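Survey of secondary and tertiary structure
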Amino acid sequence: MYGFNTAVSGLLASQRALYVTNHNISNMNTDGYSRQVALQRATNPMSLPGIGYLGTGTEIYDIVRMRDSYVDFKYWNESAPKGEWEAKRTSLLEIEKLLGEPSDSSFRKYMDDFFSSLDELSKNPSDYAFRQPVKESALSLTKHINETAKRLENVRKETIFSIDTKVKQINDIADQVGNLNKQIYVLELDGKSANDLRDKRELLVDELSKIVNVRVDESKDGKYRVNVGGISLVDHDYINKMEYKPKNSAYPYENRELKWADGNKVTLQSGELKGLIELVEGDGEKGSYRGILFYQKKLDDFAGGFAGKINEQHGKGYDLEGEQGKEFFTFDANNPALTISVSQAILEDVGKIAAAGTKDGVEDNTNILKIIDLREDKAFFGDGMSKGTPDDFIKSILSNLAVDSMQAQRMDSTQKLIIKNIEKRRQSESGVYQDEEMTNLVKFQHSYTASARMITTLDQILDVTINRLGLVGR
């Protein structure tokens, strides 16, 4: 019976190895699955006096997954920057489309129409037919500025909504990781690895690593921790949740902060969440990121500066009734881009456009010519990096946007390439390959068949030994 037990051990080992191969093949397309291998070894031999040690067969002593912790660390470390630049690239491309440069609905096109109508008016300053296009082109320009301001604000609100969604996603992932930690800890008390549950946990960390920068640590006692910015998000089964709330509930889109549940500030180095927050809060001041707020402020500066300069010169002229020119544009100083409009007086009567330079000059066009000359005035916007003419100001905004967008695209492309290389390395270690598994399938099948054949042979030997030997003396 000794040889029979040895053959049975080979049969069982081959059978279990086939089960592991079957499990690998079944999960060939499962996200996050790591290839598993049955570890096999010879059992303790038996000592035969005068002969030596005789082997007693084989056994499967463990089933391990092929996983390289260093490659996981590299993946999680590079996934966060990829998420950050991907978020920035997407939003900046949306802002580029929103500004519509170059196109027939660009700022410069509307300014061209406005100044062209003023030029036509300068040729016939007393003719209402030439004054009406000035009003209409000015209305088109202000409505375009208003619409752009509204869309920028909508983009900012949508980005804040995305931040809220990401924070909820982080907290949800943290809950799932905490639950898996408890299951894995209980199942591994006997020293064996809960491979499939570990794969699920690390797939969640993969997802989390794109949203925020993470550091993972597993202690010798089996406690698993996920840190964000040096603070534990998950400490075994304890979850430290995040929240992104406004300081004042009356203003849900202003002065928001990302904090831990205990009130401490969350520190982020990279990730989608950091990219989205910088897009919402970045105003370009003191080296901060040029986000949506930066372009909103620039649009306000343009609207307020443009309207103020035109109003200043318009107020120096006289209308058709010989009255001193009033405001051409009106706006709220707290929110110029959203509120800029043609003054109600001109909307009601285009005769209020102060084209003349003198009180009695009905055919006088000197003031309107001075307004036209403002377009080439290098001191139109006198301060800051956007100083110069109105066209220079718009160009500077578009240049900033182009530089920021190009940087985001380059960084995103670079990170994609890095992640792709790491994923290849990870797949070479943990991926399931059909050819390899089919080779294992044939190998273990042949081993199983050979062990079964050995049992048949031993059965025949036992049959002869028991039933056929010693028949002569009976």
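In what follows, the structure referred to is the one given above.
What comes next is a walk through the structure. (Residues numbered from 1 in each chain as written. Predicted model: local features only at pLDDT ≥ 70, side-chain atom pairs only at ≥ 80, totals over all residues. Heavy atoms only, no water.)

**Focus on the overall build of the protein chain**
Rules: Secondary structure follows DSSP: runs of H or I at least 4 residues long count as helices, runs of E at least 2 residues long count as strands, and numbering of each begins at the N terminus. Note on method: radius of gyration uses C-alpha positions; expected globular size equals 2.2 Å times residues raised to 0.38. Note on classification: 1.4 Å probe, protein chains only; a residue is buried when its accessible area is under 20% of the maximum for its type, exposed when over 50%, partly exposed between these limits. Here, two residues are considered to be in contact whenever any of their heavy atoms come within 4.5 Å of each other. Accessible surface is estimated by sampling points in the Shrake-Rupley manner with a 1.4 Å probe; for residues, cover comes only from the protein chains shown. All tallies of charge rest on Lys and Arg as positive and Asp and Glu as negative; His and the ends of each chain are not included. For this purpose, a charge sits on NZ of Lys, CZ of Arg, CG of Asp or CD of Glu.
Each helix and strand in the protein chain was counted, giving twelve helices and twelve strands. Against the 2.2 N^0.38 benchmark of 23 Å for 474 residues, the protein chain shows a C-alpha radius of gyration of 38 Å, more extended than a compact globule. Once the C-alpha set of the protein chain is aligned to its principal axes, its extents read approximately 150 × 45 × 30 Å. Expressed as a percentage of its 474 residues, the buried residues of the protein chain come to 43%. Look at the contacts in the protein chain between residues 6 or more apart in sequence, and 65% of them connect residues 24 or more apart. If you sum the accessible surface of the protein chain, you get close to 24800 Å²; carbon and sulfur atoms cover 51% of it. The centroid of the 63 positive side-chain charges in the protein chain is displaced by 6 Å from the centroid of its 73 negative side-chain charges.

**Description of unusual backbone geometry**
The residue His-236 is not glycine, and still its phi comes out positive at about 60 degrees. Positionally, His-236 belongs in the loop between strand 7 (231–235) and strand 8 (238–239). The exposure class assigned to His-236 is buried, which follows from its relative accessible area of 10%. Located in the positive-phi region is Lys-286, a residue other than glycine, with phi close to 55 degrees.

**Quick word on the pattern of salt bridges**
In a structure, side chains of opposite charge can pair up when their charged atoms sit close to one another. Inclusion rule: The term salt bridge refers to a side-chain nitrogen of Lys or Arg lying within 4 Å of a carboxyl oxygen of Asp or Glu.
Tallied over the full model, the rule gives 39 salt bridges. Notably, a salt bridge pairs Lys-82 with Glu-86, separated by 3.0 Å at the nearest N-O pair. Within this pair, Lys-82 and its partner Glu-86 are both found in helix 2 (residues 69–99), separated by four residues, close to a single helical turn. The class for Lys-82 is buried, based on a relative accessible area of 15%. The salt bridge partner of Arg-151 is Glu-147, with a shortest N-O separation of 3.3 Å. Linking Arg-151 with Glu-147, this pair stays in helix 4 (residues 128–187), spanning four residues, or about one helical turn.

**Regarding empty space enclosed by the protein**
Note the following rule: Using a 1 Å grid laid over the protein atoms alone, points where a 1.4 Å probe fits but cannot get out form a cavity; open sets with protein on both sides within 12 Å along at least 5 of 7 lines form a pocket; any residue with an atom within 4 Å of a point counts as lining. Grid points are joined across faces, edges and corners, and a volume is the space filled by probe spheres set on the points. Asp, Glu, Lys and Arg are counted as charged, while Ala, Val, Leu, Ile, Met, Phe, Trp, Tyr, Cys and Pro are counted as nonpolar; the rest, among them Gly, fall into the polar class.
Evaluated as defined, the whole model comprises one cavity of 30 Å³ or more. A volume near 80 Å³ is recorded for the largest cavity. What lines the largest cavity is simply Leu-99, Phe-107, Leu-152, Tyr-295, Lys-298, Leu-299, Ile-394, Ile-397 and Leu-398. Going through the elements one at a time, helix 7 (292–314) and helix 11 (390–430) are the ones with two or more residues in the lining of the largest cavity. Partitioning the lining of the largest cavity into residue classes produces eight nonpolar, no polar and one charged.

**Remarks on the packing of helix 4 against helix 5 (residues 195–211)**
Selection criterion: Axis definition: a line fit to C-alpha positions, over the contact stretch in the case of helices; interaxial angles, taken between N-to-C directions, run 0 to 180 degrees. Geometric relationships in this document are graded by angle, where less than 35 degrees denotes roughly parallel, more than 145 denotes roughly antiparallel, 65 to 115 denotes roughly perpendicular, and other angles denote oblique. Less than a right angle of anticlockwise turn of the near helix away from the far helix marks a crossing as left-handed, whereas a clockwise turn marks it as right-handed.
In contact at an axis separation of 10 Å, helix 4 and helix 5 are set at 155 degrees when each is read in the N-to-C sense. By the criterion of interaxial angle, the relationship of helix 4 to helix 5 is roughly antiparallel. Between helix 4 and helix 5 lies a crossing whose hand is left-handed. Between helix 4 and helix 5, the residues in contact are Lys-166, Gln-169, Ile-170, Ile-173, Gln-176, Val-177, Leu-180, Asn-181, Gln-183, Ile-184 and Leu-187 and Leu-197, Arg-198, Lys-200, Arg-201, Leu-204, Glu-207, Leu-208 and Ile-211, respectively. Its residues assigned to classes, the contact of helix 4 with helix 5 shows ten nonpolar, four polar and five charged.

**Here we look at a nonpolar patch on the surface**
Cut-off, in case you're wondering: Distance thresholds for patches are 9 Å for like charges and 5 Å for nonpolar side chains (Val, Leu, Ile, Met, Phe, Trp, Tyr), applied to residues having over 30% relative accessible area and no salt bridge.
On the surface, Tyr-185, Val-186 and Leu-189 cluster together into a nonpolar patch covering about 300 Å² of accessible area. Mapping Leu-189 onto the fold places it in the loop between helix 4 and helix 5. Overall, the relative accessible area of 62% leaves Leu-189 in the exposed class.

**With respect to the side chain of Ser-14**
Secondary-structure assignment places Ser-14 in helix 1 (residues 2–26). Ignoring any residue separated from it by four or fewer positions in sequence, one finds Ser-14 in contact with Phe-444, Ser-447 and Tyr-448.

**Structural notes on the side chain of Ser-343**
Turning to its location among the elements, Ser-343 is positioned in the loop between strand 12 (341–342) and helix 9 (344–348). A residue is classified by how much of its surface remains accessible, and Ser-343, at 5% relative accessible area, is buried. Sequence-distant contacts of Ser-343, defined by excluding residues within four places in its chain, comprise Glu-327, Phe-328, Phe-329 and Thr-330.

**Thoughts on the packing of aromatic side chains**
This is how it is decided: Pairing of aromatic side chains here covers Phe, Tyr and the six-membered ring of Trp, requires ring centres within 6.5 Å, and sorts the geometry by plane angle: under 30 degrees stacked, over 60 edge-to-face, intermediate tilted. Remark: a charge is flagged as sitting over a ring if the NZ atom of Lys or the CZ atom of Arg is within 6 Å of the ring centre and within 35 degrees of the ring normal.
The full count for this structure, using the stated rule, is 15 aromatic pairs. Aromatic side chains Phe-302 and Phe-306 sit 5.6 Å apart centroid to centroid with 25 degrees between the ring planes, which places their arrangement in the stacked category. Here the residue Phe-302 and the residue Phe-306 both occupy positions in helix 7, the gap between them amounting to four residues, near one helical turn. Under the relative-accessibility criterion, Phe-306 is labelled buried at 0%. Accessibility expressed as a relative area gives 0% for Phe-302, which makes it buried. Feature note: the residues Phe-107, Phe-114, Phe-115, Phe-302, Phe-306, Phe-328, Phe-329, Phe-380, Phe-381 and Phe-393 constitute an aromatic cluster, connected by ring pairs. Seen from the ring of Tyr-224, Arg-201 lies directly overhead, with NZ or CZ sitting 3.6 Å from the centre. Over the ring of Phe-294 we find Arg-290; its NZ or CZ atom is 5.8 Å from the centre of that ring.

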